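# Residue-level structure breakdown
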Amino acid sequence: DVKVTQSSRYLVKRTGEKVFLECVQDMDHENMFWYRQDPGLGLRLIYFSYDVKMKEKGDIPEGYSVSREKKERFSLILESASTNQTSMYLCASGAQGRDQPQHFGDGTRLSIL
Amino acid sequence: QQQVKQSPQSLIVQKGGISIINCAYENTAFDYFPWYQQFPGKGPALLIAIRPDVSEKKEGRFTISFNKSAKQFSLHIMDSQPGDSATYFCAASTDMRFGAGTRLTVKP
């Protein structure tokens, strides 16, 4: 079974802090994704990566960056956290190919105070 | 701006009824259309998926209907059960854009 593990289920940070969200997958998937989930807006793609050291902007990359130094790990970075980044963050991985499903972690609920 | 439009936002169905969720897309380059199911406290999980070369796919009580010319696809849940109560997301490749989600409640 594919396992996507997000480092924290709940996280509380302060405005202006630099925040790191970590995601690890154990299925040697090439593709990894970061989404945020907000009520009424569904899942919005922040960044994705097709390979180590590669990254592509999604629909809402502003205020975020990512790092993929190893194939199994994809990190989301909030450079200077703001209250409008309070959300549920979901990481996903998938095998190479346009018709490959994504496998999600259980999410990190991030609160910025 | 949502690349995949999903409706309704919420749906209440009686046990044994049919649940229908609809999605529409604009980008004709999309060629893979999965549906995901999400229970509270969990990440979404793949439920069923379709490619545009077929008009319908059925897996158990779940059916996807696909209309390529209208750029629409829908999920039908037959004989809906209380255990089906969850949030459902449609999605479309190439880079997996998701709809806004439908919260389904099946009343016993």
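Each chain has its residues counted from 1, following the order in which its sequence is written. Whichever chain is written first becomes A and whichever ligand is written first becomes 1, with later ones labelled in order. Only residues with pLDDT of 70 or above have their local features reported here, since the model is predicted, and side-chain atom pairs are shown and tallied only from 80 upward, although totals for entire chains, interfaces and linings are computed over all residues. With hydrogens and water excluded, all non-hydrogen atoms of the structure serve as input to the side-chain values.

## So, the nonpolar core
Generally speaking, soluble globular proteins have nonpolar side chains that are buried together. Side-chain atoms within 4.5 Å link the members of a nonpolar core, which is a set of buried Ala, Val, Leu, Ile, Met, Phe, Trp, Tyr and Cys residues. Burial here depends on accessible area, computed with a 1.4 Å probe over protein chains only, as a share of the maximum for the residue type. Under 20% is buried, over 50% is exposed, and the range in between is partly exposed. Ranked by internal contacts, the top residues of the largest apolar core, which has 24 residues, are B:F33, B:W35, B:F73, B:L75, B:Y88 and B:L104. Strands here are runs of E lasting at least two residues and helices are runs of H or I lasting at least four, both read from the DSSP assignment and numbered beginning at the N terminus. The set of elements that each furnish at least two residues to this core consists of strand 2 (10-14), strand 3 (19-25), strand 4 (33-38), strand 5 (45-50), strand 7 (62-67), strand 8 (72-77), strand 9 (86-92) and strand 11 (102-107) of chain B. Of the residues forming this core, the biggest block, four residues, is contributed by strand 9 of chain B. Any two residues whose heavy atoms approach within 4.5 Å are treated as being in contact. Not counting residues within four places of it along the chain, the set of residues in contact with B:F73 comprises B:I21, B:N22, B:C23, B:Y25, B:F33, B:W35, B:S65, B:F66, B:C90 and B:A91. Counting residues in each nonpolar core, the second largest holds 20 residues, with A:Y47, A:L76, A:C91 and A:I112 among its members.

## Here we look at the sheet that holds strand 8 (residues 73-78) of chain A
Residue and element names in this part refer to chain A. What the four strands build is an open sheet, ordered 1-3-8-7; its pairing is antiparallel. Two strands close off the open sheet at either side, each with one partner strand: strand 1 (4-6) and strand 7 (64-70). Taking the axes of each pair of neighbouring strands and ignoring which way they run, one obtains an average angle of 20° across the sheet. Where strand 1 lies against strand 3 (residues 19-25), three bridges are found, and the strand directions are antiparallel. Between any two strands, at least two bridges found by DSSP are needed for them to pair. Axis definition: a line fitted to C-alpha atoms, over the contacting stretch in the case of helices. Angles run 0 to 180 degrees between N-to-C directions.

Scope: geometric values only; no functional claims are made or implied.
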